[in-house]
Structure formats: structure tokens, C-alpha cells
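# Observations on the three-dimensional arrangement
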Amino acid sequence: MKKLITLFTVALLSSLSLTAQNKATKKADKHFSRLEFIKAAEDYHSLVEKGEADTYVYGQLGECYYNIYNTEEAERWYAKALTDSENPEMIYKYSQMLKANGKYDESNQWMAKFAEMRPGDDRALAFKANPNYLPKLLDKGKKFNVQNLEINSETSDFGGTLQGGKLYITSARNTSRRTYGWNGQPFLDIYEYTVSSDGSYVGERLLGNRINTKYHEGIVSFSPDGKTMYFSRESYFDNLYEKDTLTKNKISVLNLYRSTLLSDGWSEVDPLPFNSNNYSVKNPSVSSDGKTLYFASNMPGGFGDFDIYKAAINDDGTLGEPMNLGQKVNTEGQEMFPYISSDNSLYFSSNGHLGLGGLDVFQTKEIDGKMAPIRNAGVPLNSNGDDFAFRLNEETGEGFVSSNRDGGQGSDDIYGVKKLQPICDVLITATVSDSKTGNPISGALVNLQDTEGNSISTKTTNADGIAEFIIECETSTQLEVTMEDYESTMVSVDGSNEEEVNVSVSLDPIEKIIVMDQIELNPIYFDFDKSNITAKAAFELDKLVQIMKKYPEMVIKANSHTDSRGSASYNQGLSERRAKTTVQYVISKGIDASRITGEGKGENDLKVKCGSNCSEEEHQMNRRSEFIITSGNPNS
């Protein structure tokens with residue numbers, strides 16, 4: 001996949017010092033400047049065998065293998081070069097190759113060195129902020145099922161765009177094309193399959209010569225009605241290229257084009273207005289409403305090698321000015337292959353954000369004009385190889401990802417994916433402590449509930465008083481925290497897009513609810529004209545049960561009150577029913593019936609005397625229960 005990361009750019013070729021070029025390296029350097037990395041590596045190897053290699057040759061070998069994603073060889077030659085070199089970019093690439101080869105501890109050591117040398121680099125800042133991110137990422141759990149597709153070939157296959165019952169991919173399987181010096185495979189073409197009734201992909205068809213040329217074509221995206229196709233193509237076809245002043249080589253770029261569906265197939269293509277022979281524009285993705293085009297480019301003014309941009313698609317089909325998505329998304333590394341889903345989640349691949357190695361798939365979302373935190377999609381969607389060209393149907397949870405991970409059929413393969421868990425999740429960390437001492441409380445029961453009081457998950461706090469939960473982004477919840485000898489409490493947690501939300505919960509000793517001759521609970525509210533115990537009422541009554549169990553001599557009288565709506569006689573009867581259900585609830589929790597009685601007070605003792613002008617809130621305050629300690633008060 002490295003062929004696509006820096007395809008037709010000069011940036012990588014100048015990342016190492018060229019001062020060591022000489023007559024001996026001239027032939028190899030010429031192949032390298034033409035992006036013919038296989039031949040270049042052969043020539044550099046011959047210098048090694050002759051004993052004529054130096055740090056420059058070792059570094060160039062590392063670059064060759066980095067670009068064709070031979071991670072073991074890239075690691076080997078970078079290591080030799082770095083015995084006498086302090087090049088920060090080489091150190092960064094070496095750390096990435098170590099990570100790709102599963103050597104995470106060693107990779108982190110070299111990332112730490114890179115961070116010291118480039119303290120202001122976004123990649124360094126992200127690493128220093130979370131140096132132990134790998135275990136967290138690996139432990140997050142499986143969010144997708146991933147399966148290699150049968151349509152893959154022994155060459156490079158990637159993409160996976162569904163439109164109108166067809167699947168569109170990009171592949172190097174066309175052996176009638178001439179081969180490309182970067183990796184020795186044929187130039188890339190766009191293919192179409194029909195999606196059969198059983199979900200398989202049949203009827204492979206090479207798109208016609210209005211779309212495919214003898215040069216590279218990339219992945220596609222469609223307007224919502226399927227009548228306009230956007231795709232990338234190598235600029236040689238339009239005779240657009242840069243000429244290297246040193247080597248005289250012609251260096252092409254990638255440009256974006258669009259074609260309209262006609263009765264006889266796709267029309268001749270139109271170039272997009274922001275194409276250039278000085279930089280690449282590639283990886284199109286059209287929003288579900290058809291109003292925005294997302295793409296990747298290394299145009300001037302970006303933050304790294306390739307950045308993610310967007311441009312408005314106007315009603316008349318014209319395109320607005322490209323807008324960089326900013327430094328939260330884009331890094332000094334490479335951000336490519338954007339995909340904007342139907343719920344406006346933005347997925348993209350990056351080697352600049354913290355990942356598992358190579359390109360990883362990440363997710364974010366624009367909310368109120370700002371990008372939410374960038375989230376790694378996790379394993380097994382991501383691997384220690386390159387993972388890119390992600391597509392997802394948010395309604396079905398099915399999609400595609402492309403990867404050069406181990407175990408595939410070719411150099412890049414297309415994988416079908418099925419979402420199991422949301423990518424965008426939030427870690428809620430609840431820390432429970434004693435309100436008096438501030439000490440953490442171990443063994444407290446923390447129940448995560450939805451806003452209706454339905455239990456989602458229950459955990460017990462550890463020795464540090466911590467219980468952790470993972471929920472989907474933008475999901476409001478509440479935490480019910482209980483512990484023996486402490487007053488239970490409920491804490492609301494607003495929905496968030498932040499990666500972590502910390503909630504501090506202080507528990508009061510249970511004795512705090514004994515005030516004079518009463519047990520002071522939060523109001524036991526009843527719904528209008530109802531006498532049944534609600535979930536909120538049960539939560540409060542459980543505190544009464546808890547303290548009565550702690551003090552077995554305590555005897556309680558429960559007084560129930562109504563508001564002033566309805567007749568006095570009806571309210572008297574209603575309050576008596578509420579008193580009875582309150583008493584019955586407490587008895588059901590194991591308290592002897594002799595220790596609690598209830599009395600209905602009707603509307604005889606209103607807490608808020610508001611007459612006929614009561615608000616609903618004032619009526620609710622009058623619908624209450626009070627708990628009098630008639631004997632066994634521990635404070636007496």
C-alpha cells in the first residue's frame with residue numbers, strides 16, 4: 001500500500017539527505033527518482049555486496065522497502081542507517097516499521113527519541129500525551145468482523161463502493177497493462193461487479209476506456225442519485241506532470257475527475273477545477289446529501305504530506321474552494337482515503353495519529369463546527385499493516401476495508417466488514433469516595449442506567465474506588481451508587497463525544513439522613529392521582545431500609561400527603577393508599593411489619609399553601625412522604 005501513500009510525490013524522495021550520492025549510486029538513484037523501488041533496491045544491494053555501502057545506501061534501502069511495504073527489510077536497513085544517522089523522519093519511519101512488525105516496546109523507545117527531537121510535531125505531541133496508548137487500544141475489544149473477499153486477486157485490490165446494485169473496486173489485475181516500476185504490478189483500473197441475490201459479487205467487468213486508461217485510476221464515489229461518478233486518475237493522461245530539475249524525470253500527480261451516466265455508459269470525464277500539475281488531489285467521497293466532496297491532497301498550505309479537504313458541491317454542479325479540515329484531523333504525517341457516512345461520521349486513514357502500524361482507520365464527526373476527538377477504529381479492522389479505503393453502511397453496519405495485512409491473497413486485499421460495536425465510544429470513569437475523609441471506597445456497587453432507570457451494567461469499585469464503563473457517544477446515562485453504611489446516590493452523566501468522562505461520586509455516611517426525629521430522604525414523589533412506587537421512589541426508600549437494618553430497634557411512621565386537587569375525601573383515600581404502598585415496599589425488603597406503620601394525611605398539611613394558583617412543581621412538593629422515628633433513634 002505504500003505505493004499509494006506517496007504515489008507521484010517528491011516529498012519522500014527528499015526526506016533523507018542526498019549529499020552522499022556519488023558515481024557508485026548513480027544507477028540506483030536514477031531508479032529511485034523514477035519511483036522504481038524494486039530495481040533501485042537491487043542496485044543498492046549490489047553496492048552492499050561489493051562493500052561500497054554507507055549510511056546513505058542503507059537509508060535508501062530502508063526507503064525502498066518502506067515504500068513497497070516490506071516492513072522487515074525496511075526495519076533492517078533503517079537500523080543499519082541509524083547507527084550513524086540522527087535523521088528525525090528516518091527515526092519516525094523506523095519506529096513505524098518496528099510497530100508494524102509487532103515490536104511495540106522498541107517502537108515506543110524510538111518514538112520517544114523522535115518526540116525529543118521534534119517536540120512540536122503533532123505526532124510527537126500525541127505520543128507524549130498518551131505514551132502507553134497501545135495496550136489501551138488493543139484491550140478495547142473487537143468492534144468489527146473482518147473477512148477476506150473471494151474477488152481478490154494476487155495483485156493489488158482495494159476500494160469497495162456499492163452503488164445501484166453494483167460493487168466498484170480498483171485493481172492491478174489487468175495483465176494487458178504495462179507494469180509499474182514502483183512494485184512491478186500492472187497499472188490500476190476500475191472494475192465493476194453485480195451484487196447477486198445471495199450477496200455475492202459476480203460478473204466482473206472492466207469499465208470502458210472513457211474511465212480507464214493505460215495509467216492509474218483510483219477509488220470511486222457517487223452522487224446520491226448514482227448519476228455522477230468521481231474518481232482519481234494519473235495526470236500523465238492529460239499531459240500534466242512536474243519535471244525534476246536534477247534527474248529530468250517526469251513526475252506525475254493524481255487528479256480528480258467526474259463522469260456522468262449516459263444511456264451508453266459513462267461519459268467522457270471532466271477534470272475538477274482544483275486539479276494541478278504541482279500536487280495530487282485524490283480519494284473522493286461525496287456526502288449523502290450530495291452537497292460536499294471530501295478528498296485528500298498534498299496541495300500547499302497543508303499540515304503534512306497529505307491532508308483531508310472538503311469542497312462544496314453547488315446546486316449547479318460547480319465546486320467551491322477546498323477547505324482544509326484543520327489540525328485536529330490532519331497531522332505532519334499522511335491523512336488520506338476520507339469517507340463521509342450517512343450520519344456524517346468522517347472515516348479516514350492516517351499514519352500520523354496513534355495507531356497499530358502503517359495506515360490505520362480513524363473516525364471523527366463535525367459537531368457545531370468543531371471536530372470531535374479522533375478515534376482509532378481498533379482491531380481487527382486495523383492491523384499492523386496498512387488499512388485504508390474504509391466504507392460503511394451505517395444502517396446495516398456492513399462495509400469494506402482494504403489492507404495489506406498478513407494472510408491476504410495479494411499485496412492489497414479487500415475485506416468485508418460487519419460492525420459489532422460503535423467506533424465512537426466514551427469511557428466513563430466513576431471514582432467513589434467518602435465525603436468526610438476523601439478516601440476511596442472499595443466494594444461500592446455502581447449501576448450504569450439509561451435515563452429511564454433501566455440497568456445497562458453493574459460493576460464494583462476496585463481498591464482505588466474506581467469503576468469503568470464504555471458507552472456509545474452522545475448517550476446520556478446515570479450512575480446509581482450504593483454501599484453498606486453509606487447513603488446511596490444517583491449522578492446524571494450527560495452524553496458526550498469526548499473519549500473519557502470522569503465522574504467523582506462522594507458518599508455520605510448513612511447516619512447523615514437521621515435529622516432530629518426524622519429520616520430525611522429526597523422527596524418520595526408520586527405521579528398525579530397514583531399510589532404506586534416509582535423507580536425514583538424505590539431508590540429513596542432503599543435508604544430507609546438500609547438504615548433500619550443498621551439500627552434494628554428503630555421504628556418508623558410514614559406519613560403520606562397529597563396536593564389540593566380533587567375533593568378532600570378523595571385525597572384522604574389516595575394518601576392512605578400511598579402510605580400503605582410505602583409501608584408494603586419497606587416490608588418487602590425484609591423489615592418486620594411491626595417496625596413501620598403508615599398514615600394518610602390527605603391535603604390537611606400542605607407544604608406549599610398556594611390555593612388554586614399552584615404550579616405543577618408546587619403540587620408535586622405537596623405530594624410527599626415523611627418518615628418519623630417513633631422509637632430507637634440512635635441520636636437520642
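Up top you'll find the structure we're talking about.
Below, the structure is looked at part by part. (Residues numbered from 1 in each chain as written. Predicted model: local features only at pLDDT ≥ 70, side-chain atom pairs only at ≥ 80, totals over all residues. Heavy atoms only, no water.)

## A few points about a negative patch on the surface
Side chains of Glu468, Glu498, Glu499 and Glu500 sit close together on the surface and give a patch of like negative charge. With respect to the secondary-structure elements, glutamate 498 resides in the loop between strand S32 (489-493) and strand S33 (500-507). (Patch = residues over 30% accessible without salt bridge, like charges linked within 9 Å, V, L, I, M, F, W, Y side chains within 5 Å. Areas by Shrake-Rupley, 256 points an atom, 1.4 Å probe, with all protein chains shown as cover. Salt bridge = Lys/Arg side-chain N within 4 Å of Asp/Glu carboxyl O. Lys, Arg positive; Asp, Glu negative; His and termini not counted. Charge placed at Lys NZ, Arg CZ, Asp CG, Glu CD. Helix = DSSP H or I, 4+ residues; strand = E, 2+ residues; numbered from the N terminus.)

## Some points on the pairing of strand S25 (residues 398-403)
For S25, the buried fraction is high: 5 of the 6 residues fall into the buried class. The pairing of strand S24 (residues 387-393) with S25 spans 5 bridges and is antiparallel. Bridge pairing links phenylalanine 388 to serine 402 in S25. Between the end of S24 and the start of S25, which pair antiparallel, lie 4 residues, with glycine 397 showing a positive phi angle near 75°. Summarising the sheet, S25 and strand S26 (residues 413-419) pair through 6 bridges and their orientation is antiparallel. Paired with glutamate 398 across the strands is lysine 418, a residue of S26. (Buried < 20%, exposed > 50% of the residue type's maximum accessible area, 1.4 Å probe, protein only. Pairing = 2+ DSSP bridges.)

## Examining the sheet that holds strand S3 (residues 166-171)
An order of S2-S3-S6-S7 is seen for the 4 strands of this open sheet, with the pairing classed as antiparallel. Only two strands of the sheet have a single neighbouring strand rather than two, namely strand S2 (157-163) and strand S7 (201-206). Taking each pair of neighbouring strands and ignoring which way they run, the sheet shows an average axis angle of 25°. When S3 meets strand S6 (residues 189-195), the two strands line up antiparallel, connected through 6 bridges. Along S6, the bridge assignment pairs leucine 167 with tyrosine 193. (Axes fitted to C-alpha atoms, helices over the stretch in contact; angles between N-to-C directions.)

## What about helix H3 (residues 37-49)?
The terminal C-alpha atoms of H3, which comprises 13 residues, lie 18 Å apart, in line with the 18 Å expected from a rise of 1.5 Å per residue. In the core, the buried residues of H3 are packed alongside helix H2 (26-33), helix H4 (55-67) and helix H5 (71-81). The positive-phi residue at the C-terminal boundary of H3 is glycine 51, with phi of around 75°. (Expected span 1.5 Å × (residues − 1). Contact = heavy atoms within 4.5 Å.)

## Quick notes on helix H6 (residues 88-100)
When the terminal C-alpha atoms of H6 are compared, their 18 Å separation across 13 residues agrees well with the 18 Å that a helix rising 1.5 Å per residue should span. Of all the 13 residues making up H6, 13 are buried; the element is thus mostly covered by neighbouring parts of the structure. Between the side-chain oxygen of the N-cap and the backbone nitrogen of glutamate 89 there are 3.0 Å, and the N-cap of H6 in question is asparagine 87. Positive backbone phi, at 80°, marks glycine 102, one or two positions downstream of H6. (Polar contact = N/O pair within 3.5 Å; in protein donor to acceptor, adjacent residues only side chain to side chain.)

## Some thoughts on the pattern of salt bridges
A full pass over the atoms with the stated rule returns 27 salt bridges. With a shortest N-O distance of 3.2 Å, lysine 310 and glutamate 366 are connected by a salt bridge. Placement of the pair is lysine 310 in strand S17 (residues 307-312) and glutamate 366 in strand S21 (residues 360-367), with a sequence separation of 56 residues. Lysine 550 is paired through a salt bridge with glutamate 511; the nearest N and O atoms lie 2.3 Å apart. Note that lysine 550 is positioned in helix H10 (residues 535-550) and glutamate 511 in the loop between S33 and strand S34 (514-515), a separation of 39 residues in sequence. With a relative accessible area of 29%, glutamate 511 lands in the partly exposed category. A single salt-bridge network, built from bridges that share partners, covers Glu89, Arg118, Asp121 and Arg123.

## Comments concerning the state of the cysteines
Summed over all chains, the structure comprises 2 disulfides. The disulfide bridge from cysteine 424 ends at cysteine 473, spanning 1.9 Å between sulfur atoms. Between cysteine 424 and cysteine 473, the S-S dihedral sits near -90°, and the bridge is therefore left-handed. Of this pair, cysteine 424 sits in the loop between S26 and strand S27 (425-434) while cysteine 473 is found in the loop between strand S30 (466-472) and strand S31 (477-482), placing the two residues 49 residues apart along the sequence. Cysteine 473 shares its class with cysteine 424; the two are buried. Paired by a disulfide, cysteine 610 and cysteine 614 hold their sulfur atoms 1.7 Å apart. A torsion of 100° about the S-S bond marks the disulfide between cysteine 610 and cysteine 614 as right-handed. You'll find cysteine 610 and cysteine 614 in the same group, each marked buried. Look at the protein chain and number its bonded cysteines as they come in the sequence; the links are 1-2, 3-4. (Disulfide = S-S within 2.5 Å.)

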